[in-house]
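Coordinates in review
Each chain is listed here by its residues.
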Amino acid sequence: MGSSILDIGKTALQAAQVGIAVTGHNIANAATPGYSRQEVIQSPALALNQGFGYVGQGTQIVTIQRIYSELLTRQVASSLSTVGELDTYTAQLSQINNLLANSSAGLAPAIQDFFDSVQSAAANPGDAAARQSLLSSAQALASRFQGLDHRLGEIESGVNAELNASVSLINTYANQIAQLNVAIEAASTASNRPPNDLLDQRDQLVADLSRLVKVDVVQQDDGKYNIFIGNGQSLVVGNHAYSMTTVRSATDPSRLEVGYINSTGDTITLSSNSLVGGVLGGLIQFREQSLDSIRGQLGLVAVTLGEAFNAQHMQGYDQNGSAGGVFFSIPAPAISEHSGNSGDAVLDVAIDNVAALTGSNYYLRYDGTNYTLTRTDNGAVQTLGSLPQIVDGVELDITTGSMQAGDSFLIRPTATAAGGLSLAISDIHQIALAELSSAGDADNGNALALAALQTAKTALNGSASFEDVYAQLVSRVGNKTNELKVMSAAENSTLDGMISAQQSVSGVNLDEEATNLLRYQQAYQAAGKVMQIASQLFDLLLTIGH
Amino acid sequence: MRISTNMIYQTGIARIGDLTAAQARLQEQITTGRKMLTPADDPVGATKALALRQAASVNAQYAENRQAAMYSLGVEEAALNGVTDLLLAVKSTIVSAGNASYSDTERGFLATDLRAALEQLLNLANTRDGTGNYIFSGYQSQAPAFVESAGGVSYQGDMNQQQLQVSASRRMNVADNGAGIFQAAGNDLFQTINDIASLLETPVIDATDADALIAGLSATMDSIDAGLDTVLTVRAAVGTRLNELEALETFGQELDAQYEQSLSAVEDLDYAQALSDISRQQIILEAAQKSFVMISGLSLFDYF
């Protein structure tokens, strides 16, 4: 009996030791990200039947359990996806917001300076200095357009770079999760107890991954995580991790899209509406919903200004008595053929009516019978029976060859205009300021008409001047950025609340651990006392023999 | 409800971070003097500000055009003033030429005066402005309006009038062509003066000559009077235009002031509000910092 009391004391001591160890582990990991606090689960040891009753044999440790709520953890991960997406979209769009913020470095002052110089030339058309000044401010205007477009191009390159970085990070996380799947299975089967720290690590990886892209997690019966992205593509299945990659877009080689390498080794390009959530979703949304249409609208300002000015310029006469030529060189609409096209059609796109241009990009597809034209900014679709056709101020025609079913082309009527706008005249005598071919030095008739273009409603079917179009662009960017900032703040707030809920279940509270330390210390002391008493009983027994 | 130690730190720092960010933003507003730092701060205001800036810039350009118009019209006014004085002087010469007691010699002297007056009239008709443009040549301001040749003085400008946009809705003529002033309705002033000078140089021998002289002098007076009428009419029109420019200038300046005011209302910071906001947020920030230190300092381990 005495020795069993010693054993009881020993089990109590061990349990107290483990308790202190676990408390110490909690304290040490109080600030570790993703750590769920652990607690010792004890149960009484099997009792012995002594005839007069069952005498307990002390305690045993059943397991060390992590305090963890799967629901809360999943909610946090899901919210991290939304926050990641909104924060990324906001950050990218804010770059453009800041670009347009400076009222003295923006496009509007350059347009105003240019027309000021036209007015000055109208006041003194024979003066070489006034003419030279007009050319200089025209050059400055073209440079300003180019500068803005260049910056937008830099932002697009930045998006490509971040896509690359995000995709490689996703692959890293996927590999790590797969490895942890293996390790957790091994650790679980070895002891039949949950490997708490490994489980925490895996959940933390899922949270990190969720910030990059929205994922669905399915737990297998053997405890492994299967991770799915997009429209159900598997990223991690059991021990195996698949890869994502970036591929050059089939219609625009300067643009990267996200691809997925499947089990047969083929790369599948993921469509942009299948990738939602996270940094990846935010980047793609930014690019498709904002960047493209902003670039198109900036180009629309350039095309409208350039074409209107050219048209009026060609009605006047220069100092040599010749009719005015082209003043601004405007790049033709950009056409990109999908690399998978099987037909040999050569598409020709020309601007037919500047006032009807929308600034949007278009996809032209052929299904075998009809052509469909899809606007990229609002998704509006038009069906065209045959070509040539004039749609939204743009004339579409096939010059040679024909399309096969499934062919598609990307048409960008205005997107390249701002970057390619340039001055076509370098000789001041070629500026057509006169209205008559006699072109006297005081003939400023055409100059007056050119100056009046600044406030004329030449764009958007006669409802806006090109400065109005620019103002609409600034307003759209401002509105969208504002909206995103508000949504982002709200979502961050929600995330804070969810993390708070999760932490209130799983988080370590140092005061609580301090209490536990005291408790286990006292338990240890009490257990020690039990053993001491047991030993004293034995000594007593021995002295009886003396 | 449990609060993990992490959350105490994180929420505390997050709130302090938010307050610090708000302070930084107010600081930027104060140093730039603007309440709208980017279009996102006030999208409607940003559009308004762009429109106001453009309107103000166009308005300023019209003001410059008005200056140019006033200058051109002023040069024309001065020239026409000279022409008026000259024609009046010619008239008095003609009157004295009618003096029956004058001999051929004296009439010869008068003829010399008239020839000098003709040269001066030609110079006035070919007035150039500060940049060297001939103001009476219509659009052909690079060449003199009138040239003298064996057959007389002929107009080589054209019939156009240069215009300037002096306000949003007003394009004003800022020049008049010489043919309409000096050779209007077939009344060629140069020819008239040339003829009468030649007539005065002709000796009066008989009664036919005397009759011719009287008729010539009378016809010349009529011509000069008609010419003077034309010049004064044009001068009146120039004067009217100058008056109109002054009125447009006043209106333009008022518009300018309005644009500035509107722009200021959209963009400028209300300093009183901003400074009071910044000191209020300062107090909140200090309170948050103090309370954070207090709460995070509480620990059971202090009592072990």
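Computed from a prediction, not measured in an experiment: that's the story for all the values here. (Residues numbered from 1 in each chain as written. Chains lettered and ligands numbered in written order. Predicted model: local features only at pLDDT ≥ 70, side-chain atom pairs only at ≥ 80, totals over all residues. Heavy atoms only, no water.)

Notes on the overall build of chain A
Our working rule: Only DSSP runs of H or I covering at least 4 residues are called helices, and only runs of E covering at least 2 are called strands; the numbering of each starts at the N terminus. Two things to know: the radius of gyration comes from C-alpha atoms, and the globule rule equals 2.2 Å times the number of residues to the power 0.38. Burial here depends on accessible area, computed with a 1.4 Å probe over protein chains only, as a share of the maximum for the residue type. Under 20% is buried, over 50% is exposed, and the range in between is partly exposed. Throughout, a residue-residue contact means that at least one pair of heavy atoms, one from each residue, lies within 4.5 Å. For accessible areas, the Shrake-Rupley method is used with a probe of radius 1.4 Å. Any residue's cover is judged against the shown protein chains and nothing else. A residue counts as positive if it is Lys or Arg and as negative if it is Asp or Glu; His and the chain ends are not included. For charged residues, the charge sits on one atom: NZ in Lys, CZ in Arg, CG in Asp, CD in Glu.
Counting its secondary structure elements, chain A contains 10 helices and 21 strands. Relative to its length of 546 residues, chain A is extended, with a C-alpha radius of gyration of 37 Å against a globular reference of 24 Å. Seen along its three principal axes, the alpha-carbon backbone of chain A occupies a region of about 145 × 50 × 30 Å. Taking all 546 residues of chain A together, 48% fall into the buried category. Taking the intrachain contacts of chain A between residues at least 6 apart in sequence as the baseline, contacts between residues at least 24 apart amount to 68%. As displayed, chain A has an accessible area near 23300 Å², and 51% of this comes from carbon and sulfur atoms. Of the side-chain charges in chain A, 25 are positive and 50 negative, and the distance between the mean point of each set is 11 Å.

Considering the overall build of chain B
Each helix and strand counted, chain B has 7 helices and 4 strands in total. Along the chain direction, N to C, the helices and strands of chain B fall in the order α-α-α-β-β-β-β-α-α-α-α. For a compact globule of 304 residues, the expected C-alpha radius of gyration is about 19 Å, and chain B comes in at 39 Å, more than 25% above that figure. C-alpha extents for chain B along the principal axes are approximately 145 × 30 × 25 Å. The buried share of chain B, reckoned over its 304 residues, is 42%. Sequence separation of at least 24 residues holds for 69% of the intrachain contacts in chain B that already meet a minimum separation of 6.

Concerning the interface of chain A and chain B
This is how the line gets drawn: Accessible surface is computed with a 1.4 Å probe, and the buried area is the amount of it that two parts give up when combined, taken over both parts together. One side-chain nitrogen of Lys or Arg within 4 Å of one carboxyl oxygen of Asp or Glu is enough to make a salt bridge. Here a polar contact is recorded for every N or O atom pair within 3.5 Å, except that within protein the pair must consist of a potential hydrogen donor and a potential acceptor, and residues adjacent in sequence are included only if both atoms are side-chain atoms.
Each side of the interface is counted separately: chain A has 59 residues, and chain B has 44 residues. When residues of chain A are sorted by the area they lose upon contact with chain B, Q119, A442 and L448 of chain A head the list and together hold 13% of the total. Among the salt bridges present, the one from R2 of chain B reaches E512 of chain A, with a minimum N-O distance of 3.0 Å. Inspection of the region where chain A meets chain B yields 21 residue pairs in polar contact (both at pLDDT 80 or more). Secondary-structure elements contributing two or more residues to the side of chain A that touches chain B are α2 (70–99), α3 (107–123), α8 (445–452), α9 (466–506) and α10 (510–544) of chain A. With 17 residues, α9 of chain A is the single largest residue contributor to the side of chain A that touches chain B.

Side note on the pairing of strand β4 (residues 170–173) of chain B
Residue and element names in this part refer to chain B. Where we set the bar: Should DSSP find at least two bridges between two strands, the strands are taken to pair.
Sheet topology places strand β3 (residues 163–167) next to β4; 4 bridges connect them, and they run antiparallel. What sits directly across from L164, in β4, is M172. Between β3 and β4, which follow one another and run antiparallel, lie 2 residues.

Observations regarding the sheet that holds strand β5 (residues 215–219) of chain A
Residues and elements named next belong to chain A. Note the threshold: Angles run from 0 to 180 degrees between N-to-C directions of axes, and those axes are lines fitted to C-alpha atoms, restricted for helices to the stretch in contact.
The 4 strands lie next to each other as β5-β6-β7-β8, forming an open sheet whose pairing is antiparallel. Edge strands, defined here as strands with exactly one partner in the open sheet, are β5 and β8 (240–241). Inspection of the sheet shows strand β6 (residues 225–229) paired to strand β7 (residues 233–237) by 3 bridges, in the antiparallel sense. Residue pairing in the sheet places I229 in a bridge with Q233 of β7. Packing of helix α4 (residues 128–191) onto the sheet brings it into contact with β6, β7 and β8, and relative to β7 it is tilted by some 45°.

Some thoughts on helix α6 (residues 278–313) of chain A
Note the cut-off: Multiplying 1.5 Å by the residue count of a helix minus one yields the expected span of that helix. What we call the bend at a residue is the angle made by axes fitted to the seven residues finishing there and the seven residues starting there.
For α6 of chain A, spanning 36 residues, the distance from its first C-alpha to its last is 51 Å, which sits close to the expected 52 Å at 1.5 Å a residue. Considering bend angle alone, the principal kink of α6 of chain A is centred on R287 of chain A and spans about 40°.

Brief notes about the nonpolar core
Rules: The definition of a nonpolar core used throughout is a set of buried Ala, Val, Leu, Ile, Met, Phe, Trp, Tyr and Cys residues joined through side-chain atoms within 4.5 Å.
Counting 117 residues, the largest nonpolar core has I96, F114, M244, F327, F328 and L364 of chain A as the members making the most contacts within it. Among the elements that make up this core, the one with the highest residue count is α4 of chain A (18 residues). Residues contacting L364 of chain A, with those up to four places away along its chain left out, are L347, Y371, T372, L373, L384, L387, M403, D407, S408, F409 and I411 of chain A. Among the nonpolar cores identified, the runner-up in size contains 49 residues, and V83, A111, L118 and M172 of chain B belong to it.

Details of the sheet that holds strand β19 (residues 394–400) of chain A
Residue and element names in this part refer to chain A. Across the sheet, which stays open at both edges, the 3 strands sit in the order β14-β19-β18 with antiparallel pairing between neighbours. One side of each edge strand has no neighbouring strand; the edge strands of this open sheet are β14 (346–351) and β18 (389–391). Sheet twist, expressed as the mean angle between neighbouring strand axes with direction ignored, is 30°. Here β18 pairs with β19 via 3 bridges, running antiparallel. Looking across to β19, one finds that V391 is bridged to V394.

A few points about the packing of helix α2 (residues 43–97) of chain B against helix α6 (residues 207–267) of chain B
All names here are of chain B. What counts is decided by this rule: Geometric relationships in this document are graded by angle, where less than 35 degrees denotes roughly parallel, more than 145 denotes roughly antiparallel, 65 to 115 denotes roughly perpendicular, and other angles denote oblique. Whether a crossing is left-handed or right-handed is set by the direction in which the near helix is turned from the far one by less than a right angle, anticlockwise for left-handed and clockwise for right-handed.
Two elements in contact, α2 and α6, have axes separated by 7 Å at closest approach and are oriented at 160°. One element, α2, and the other, α6, form an angle in the roughly antiparallel class. Taken as a pair, α2 and α6 cross one another with a handedness that is left-handed.

Re the pattern of salt bridges
Residues and elements named next belong to chain A. Tallied over the entire structure, the rule returns 28 salt bridges over all chains. Ionic pairing is found between R255 and D292, a salt bridge with its closest N-O pair at 2.6 Å. Of this pair, R255 sits in the loop between β9 (243–248) and β10 (256–261) while D292 sits in helix α6, and the two are 37 residues apart along the sequence. Overall, the relative accessible area of 10% leaves R255 in the buried class. By relative accessible area, which is 16% here, D292 ends up buried. Taken together, the salt bridges that share partners define one network made up of D149, E156, R255, D292 and R295.

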